[in-house]
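# Coordinate inspection notes
Now for the letters of each chain:
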Amino acid sequence: MKKLLFVALWVLGSYVGASAQQRYAVIDTKYILDRIPAYKEADAKLKVIGEQWQKEIDDLQAQLDKMYKNYEAEQFMLSDELKKKREDELFIKEKELRDLQKKRFGYEGDLFKERQKLVKPIQDKVYNVVQKMAIARSYDFILDKSEGITIIYRDWETRDIVTGKQIG
């Protein structure tokens, strides 16, 4: 029993010692990107586009609100057939509004596509520089602290758990 405990502690100690040898760096990509003029321009362009699309949605919402108010005021005087027609118009207008919101701001919507077109190439350049730096300085991990802690680079070479040396 003592032998087993000793071996388990030795393996655990070796693992802790090996993991302490890993080299890592912490960067803030938001800070880096905010200092790149092309990123600032792309971000400003996205804000303008987003505001235009939001205004388009707000205008459609205002039309829908007006239609609802008119319907509520007139519904007591309308025949069942006209009520049904107005309700259908409201339903169609609501669907149009939801579809436009989804098209502009939904997952993989127009804003997402614009961001991919304008911002992603800049982010990729930053990532490539980080990767080159990590390889040149033999870092095992590069962590990004801008939006929580995320790993943006990891040396995927297999390492011996005891010695920390690369295998293969």
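The coordinates are above.
Quick summary incoming for the structure in this document. Every value quoted in this text rests on a predicted model; they were computed, and no experiment measured them. Each chain has its residues counted from 1, running along the sequence as written. Totals for whole chains, interfaces and linings use all residues, but because this is a predicted model, local features are given only for residues with pLDDT of at least 70 and pairs of side-chain atoms are given and counted only at 80 or more. Values reported for side chains reflect all heavy atoms of the structure, with hydrogen atoms and water molecules removed beforehand.

## Description of the overall build of the protein chain
Comment: elements are numbered from the N terminus, with helices defined as DSSP H or I runs of at least four residues and strands as E runs of at least two. Of regular secondary structure, the protein chain possesses six helices and five strands. Along the protein chain, helices and strands appear, N-terminal first, in the series α-β-α-α-α-α-α-β-β-β-β. The classification of residues rests on relative accessible area computed with a 1.4 Å probe and restricted to protein chains. Under 20% of the type maximum is buried, over 50% is exposed, and intermediate values are partly exposed. Expressed as a percentage of the 168 residues in the protein chain, the buried residues total 24%. Any two residues having at least one pair of non-hydrogen atoms within 4.5 Å are treated as being in contact. Pairs at least 24 apart in sequence give 61% of the contacts found in the protein chain among residues at least 6 apart.

## Observations concerning the packing of aromatic side chains
Ring geometry is summarised as follows: Phe, Tyr and Trp rings, the Trp one being its six-membered ring, pair when their centres sit within 6.5 Å, and such pairs are stacked at plane angles under 30 degrees, edge-to-face over 60 and tilted between the two. Here the structure, examined in full by the defined rule, presents one aromatic pair. Between Tyr107 and Phe112 the ring centres are 6.2 Å apart and the planes differ by 35°, which places this aromatic pair in the tilted class. Of the residues examined, Phe112 reaches a relative accessible area of 36% and is grouped as partly exposed. Taking NZ or CZ as reference, Arg35 lies 3.7 Å from the ring centre of Tyr31, over its face. For a Lys NZ or an Arg CZ to count as sitting over a ring, it must be within 6 Å of the ring centre and within 35 degrees of the ring normal.

## Notes on the pairing of strand β1 (residues 24-27)
Judged by which residues are buried, β1 turns out to be one-sided: Ala25 and Ile27 face inward and are buried, whereas Tyr24 and Val26, on the alternate face, are not. The pairing of β1 with strand β2 (residues 141-144) spans four bridges and is parallel. Directly across from Tyr24, in β2, lies its bridge partner Phe141. For two strands to be treated as a pair, DSSP must find at least two bridges joining them.

## Description of the packing of helix α3 (residues 37-74) against helix α5 (residues 110-118)
Between α3 and α5, the shortest axis-to-axis distance is 10 Å and the interhelical angle comes to 165°. Taken together, the axes of α3 and α5 are roughly antiparallel relative to one another. Crossing hand, α3 versus α5: right-handed. Taken together, the residues of α5 that come into contact with α3 (itself represented by Ala42, Asp43, Lys45, Leu46, Ile49, Gly50 and Trp53) are Asp110, Leu111, Glu114, Arg115 and Leu118. Nonpolar residues are Ala, Val, Leu, Ile, Met, Phe, Trp, Tyr, Cys and Pro. Charged residues are Asp, Glu, Lys and Arg, and all others, Gly as well, are polar. Here the contact of α3 with α5 is built from residues that sort into six nonpolar, one polar and five charged. An axis is simply a line fitted to the C-alpha atoms; with a helix, the fit covers only the stretch in contact. Between two such axes, the angle follows the N-to-C directions and lies from 0 to 180 degrees. Working definition: roughly parallel below 35 degrees, roughly antiparallel above 145 degrees, roughly perpendicular at 65 to 115 degrees, and oblique for all remaining angles. Crossing handedness: left-handed means the near helix sits turned counterclockwise from the far one by under a right angle, and right-handed means the same turn made clockwise.

## Some details on the packing of α3 against helix α4 (residues 80-105)
Across the interface, α3 lies against α4 with an axial gap of 10 Å and an inter-helix angle of 165°. Put simply, α3 runs roughly antiparallel to α4. Of the two elements, α3 crosses α4, and the hand of that crossing is left-handed.

## Side note on α5
Listed in full, the buried residues belonging to α5 are Asp110, Glu114 and Leu118. An end-on view of α5 places all buried positions within 60° of arc, on one side of the element. Elements in contact with the buried residues of α5: α3, α4 and α6 (120-136). Note: the arc covers the axis-to-C-beta directions of the helix.

## Points about the layout of surface pockets
Size it by volume and the largest pocket reaches roughly 460 Å³. Mapped by element, the contributors of at least two residues to the lining of the largest pocket are α2 (29-34), α5, α6 and β3 (150-154). Here the lining of the largest pocket gets six residues from one element, more than from any other, and that element is α6. Class assignment for the residues of the lining of the largest pocket results in seven nonpolar, six polar and six charged. Put plainly, a pocket is an open set of points on a 1 Å grid over the protein atoms alone with protein on both sides within 12 Å along at least five of seven lines, a cavity is a set where a 1.4 Å probe fits but cannot get out, and a lining residue has an atom within 4 Å of a point. Grid points are joined across faces, edges and corners, and a volume is the space filled by probe spheres set on the points.

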